[in-house]
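Read off the chains here:
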Amino acid sequence: MITLETAPATAVPSLKLGLIGADIGPSRSPAMHMGEGRAQGLAIRYDLFDLTARHLSVADLPALLTEIEAAGYRGVNVTHPCKQAVIPLLDALSPEAEALGAVNTVLFENGRRIGNNTDWYGFSESFTRGLHGADLRHAVQLGAGGAGTAVAYALLKMGVETLTLIDAVPARAEAIATRYGALFGHGRIQAGIDAKAALAGATGLVNATPIGMAAHPGLPLDAALLRPDLWVAEIIYFPRETALLKAAQAMGCRTLDGTGMALYQAVQAFRLFTGREPEPARMLQTLQAVPAP
């Protein structure tokens, strides 16, 4: 349970949270956390520490984290490009953050900085709810960047028997395959190059690349490679219906958009920050009510 800021007994309990990253102005995190706080009688202040807006770089992260901690924040979410860079600045990692080698939530607790990762949980929870009963024999994942690292971990933890990772930078996919092969078994994950060959024997596809976002429109692969028996999942949540999902739906595939991952990573972070159980349906309403950037 957290220690709230000192206040008169009649005051609403309050705490300060934030998000560190670059170009994070459109983030829905402030609305979700502050909205759920209000619903639970908490006055949450959630600030954006945008490296771009502050003319800072990853090299400034140590000073920025010290500044935030000294200002009495309960914790911060962390996004690109700081998820790996923040690790040497922490005192402890959750087992999941250590396994992933990436942190997206930092708690300031009793003079210690504790790193967690809720991205993998966000994808796993969304997938379990949205694609219940999906065939997990062989999944192909496009993208092995920061988000892709968490998605690959979630897929293997959910029971995917074989996972093929394909990335524009093959070395990134190979690095994750080596890391998770040691953790889950080398026969369960492999780096690939040819999407057509990989999908020929696949049961599902995950897009963990930025292709499909408003700033990166288009398809991450040839739509002709899709088949009706494939399930197709996105991690992009704006737009909610990407070109890939539209093509997959037209083909008759079961599909999953990225809204659930965005929601449930925040749900888990709220638990960590507050020690309280959030209401996902209420947070989803807030997420969907925020105007598109």
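Residues numbered from 1 in each chain as written. Predicted model: local features only at pLDDT ≥ 70, side-chain atom pairs only at ≥ 80, totals over all residues. Heavy atoms only, no water.

**Re the overall build of the chain**
When helices and strands are tallied, the chain shows 10 helices and 12 strands. On C-alpha atoms alone, the chain measures out to a radius of gyration of 19 Å, which is about the 19 Å that the 2.2 N^0.38 rule sets for 293 residues. Projected onto the principal axes, the alpha-carbon positions of the chain cover approximately 65 × 35 × 35 Å. Relative to its full complement of 293 residues, the chain shows a buried share of 51%. Within the chain, residue pairs in contact and separated by at least 24 positions form 69% of the contacts whose partners lie at least 6 positions apart. In the structure as shown, the chain presents an accessible area of about 12,800 Å², 55% of it carried by carbon and sulfur atoms. Charged side chains in the chain number 23 positive and 26 negative. The centres of these two groups are separated by 3 Å. (Helix = DSSP H or I, 4+ residues; strand = E, 2+ residues; numbered from the N terminus. Rg over C-alpha atoms; globule rule 2.2 N^0.38 Å. Buried < 20%, exposed > 50% of the residue type's maximum accessible area, 1.4 Å probe, protein only. Contact = heavy atoms within 4.5 Å. Areas by Shrake-Rupley, 256 points an atom, 1.4 Å probe, with all protein chains shown as cover. Lys, Arg positive; Asp, Glu negative; His and termini not counted. Charge placed at Lys NZ, Arg CZ, Asp CG, Glu CD.)

**Some points on helix α9 (residues 259–274)**
The periodicity of an α-helix, 3.6 residues per turn, causes residues three or four places apart in sequence to face the same way. In this model α9 runs 23 Å from its N-terminal to its C-terminal C-alpha over 16 residues, within 8% of the 22 Å that 1.5 Å per residue would give. Counting buried residues in α9 gives 13 out of 16 residues, a clear majority hidden from the surface. (Expected span 1.5 Å × (residues − 1).)

**Thoughts on the pattern of salt bridges**
Opposite charge on two side chains makes pairing possible when the charged atoms of those side chains draw close. Tallied over the full model, the rule gives 12 salt bridges. In this structure, the salt-bridge partner of R137 is D135, at a minimum N-O distance of 2.6 Å. The class for D135 is partly exposed, based on a relative accessible area of 30%. Between D167 and R172 there is a salt bridge, and its shortest N-O distance comes to 3.1 Å. (Salt bridge = Lys/Arg side-chain N within 4 Å of Asp/Glu carboxyl O.)

**Considerations on the packing of aromatic side chains**
In total, this model carries eight aromatic pairs according to the counting rule given. Taken together, the ring pairs in this structure connect W120, Y121, Y153, Y180 and F184 into an aromatic cluster. The aromatic ring of W120 is capped on one face by K157, whose charged end is 5.7 Å from the ring centroid. (Phe/Tyr/Trp six-rings, centres within 6.5 Å; stacked < 30°, edge-to-face > 60°. Lys NZ or Arg CZ within 6 Å of the ring centre and 35° of its normal.)

**Structural notes on the side chain of S94**
For S94, the position within the fold is in the loop between β4 (92–93) and α3 (95–100). You can call S94 buried: its relative accessible area is 10%. When residues no more than four places from it in sequence are discounted, the contact partners of S94 are G115, N116 and N117.

**Comments concerning the confidence of the model for the chain**
Per-residue confidence for the chain averages 94 on the pLDDT scale, and 95% of its residues sit at or above 70. When the criterion is pLDDT under 50, residues 1–10 qualifies, and its contacts beyond four places in sequence or with other chains add up to 14 contacts. (pLDDT = per-residue confidence, 0-100.)

**Points about unusual backbone geometry**
Omega for the peptide link from H80 to P81 comes to 10 degrees, which places this bond in the cis form. For D23, which is not glycine, the phi torsion reads 55 degrees and is therefore positive. D23 sits in the exposed class, given a relative accessible area of 55%. Within the chain, N110 stands out as a residue other than glycine whose phi angle is a positive 55 degrees. In this fold, N110 is placed in the loop between β5 (105–109) and β6 (112–116). Judged by its relative accessible area of 76%, N110 is exposed.

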